[in-house]
Amino acid sequence: HRGIALPVFWSVLDKPGNSDTAERIALMERFLATFGAGRIAALLADREFVGEDWFCWLQRQRIPFHQRLKRDTRVPNAWNRPMRLDELFGSLAPGERHRLPGRRPIWGCFVHLSALRLDDSEWLILATFGAPQDQAIDAYADRWPVETLFACLKTRGFNFEDTHLTDAARLSKMMGLLALAFAWSHRTGEQLHDHDRPIPLKKPFGDRSSPSSAGLDFLRNVALNLSEKFQDFLWALKFLSCT
């Protein structure tokens, strides 16, 4: 939403590191039970979230995706000989992109493959299923607002990582409160910027002048001075009800 991601479902893991396939499937099933696969334009996932079971489950559920792959993932070339993806796309110069024709087998599934050589010579290689291949690289850029959300929740007034809670159920409830507070702050900041007191956005949603930070500062000031700013509280409260 306007450059920022908003959390809808989450799972608190009782371990360090990434989720496994079963945990990802369980989280996705919660989403599907509420919204259905038809509400998914494309699932975007980073390089850690791969594997045969995961890809096959997504295809069985008919969930379109643009999935980033590691550069050393091996797929058949035009002569059906396994090659690393960075070797298959090796002729690309920084800034160039290319789409392989047809579909290629990977982890028991057939997907379309696209690649972009980033300016630092790193690779952005995507496996696409059920979504337009020609939009894959541009669509994948929409994953960045998730990183922006994490940055906002970890700092900029929310300070999620400062908690001393360790119980998974309590952490999940606190995440729910943070999600609601963040959405309310962001919505309030948008209204301040769009209709009341414009915010100088030097970097889109990336510094203290962002809508979420401005909204949080406004709500904090109102809460600390509620007797004097009760009308401001009522004004902001309506944005919570429609968040």
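Criteria and thresholds
- Residues numbered from 1 in each chain as written.
- Predicted model: local features only at pLDDT ≥ 70, side-chain atom pairs only at ≥ 80, totals over all residues.
- Heavy atoms only, no water.
- Phe/Tyr/Trp six-rings, centres within 6.5 Å; stacked < 30°, edge-to-face > 60°.
- Helix = DSSP H or I, 4+ residues; strand = E, 2+ residues; numbered from the N terminus.
- Buried < 20%, exposed > 50% of the residue type's maximum accessible area, 1.4 Å probe, protein only.
- Lys NZ or Arg CZ within 6 Å of the ring centre and 35° of its normal.
- Core = buried A, V, L, I, M, F, W, Y, C linked by side-chain atoms within 4.5 Å.
- Contact = heavy atoms within 4.5 Å.

A. Looking closely at the packing of aromatic side chains. Across all of its chains, the model carries 10 aromatic pairs by this definition. Between the aromatic rings of Trp 54 and Trp 57, the centroid separation amounts to 6.0 Å while the plane-to-plane angle is 10 degrees, which identifies the pairing as stacked. Highlighted residues: Trp 54 and Trp 57, both in helix 2 (residues 52-60), separated by 3 residues, approximately one helical turn. In this structure, Trp 54 and Trp 57 share a single accessibility class: buried. Grouped by ring-pair contacts, the aromatic residues Phe 55, Phe 65, Trp 107 and Phe 129 constitute a single cluster. Taking NZ or CZ as reference, Arg 24 lies 5.0 Å from the ring centre of Trp 54, over its face.

B. Just the nonpolar core, in detail. Within the largest apolar cluster, 27 residues are counted, with the highest numbers of intra-cluster contacts made by Trp 54, Phe 55, Trp 57, Ile 63, Phe 65, Phe 89 and Leu 113. Contributions of two or more residues to this core are made by helix 1 (21-35), helix 2, strand 2 (65-69), strand 7 (109-117) and strand 8 (123-129). Examining the composition of this core, we find that 5 residues originate from one element, helix 2, more than from any other. Those residues in contact with Ile 63 that sit more than four places away from it in its chain are Met 28, Leu 32, Ala 37, Ile 40, Leu 43, Trp 57, Leu 58 and Phe 129. If you look at the next biggest cluster of nonpolar residues, it comprises 10 residues, including Cys 152, Leu 153, Phe 158 and Met 175.

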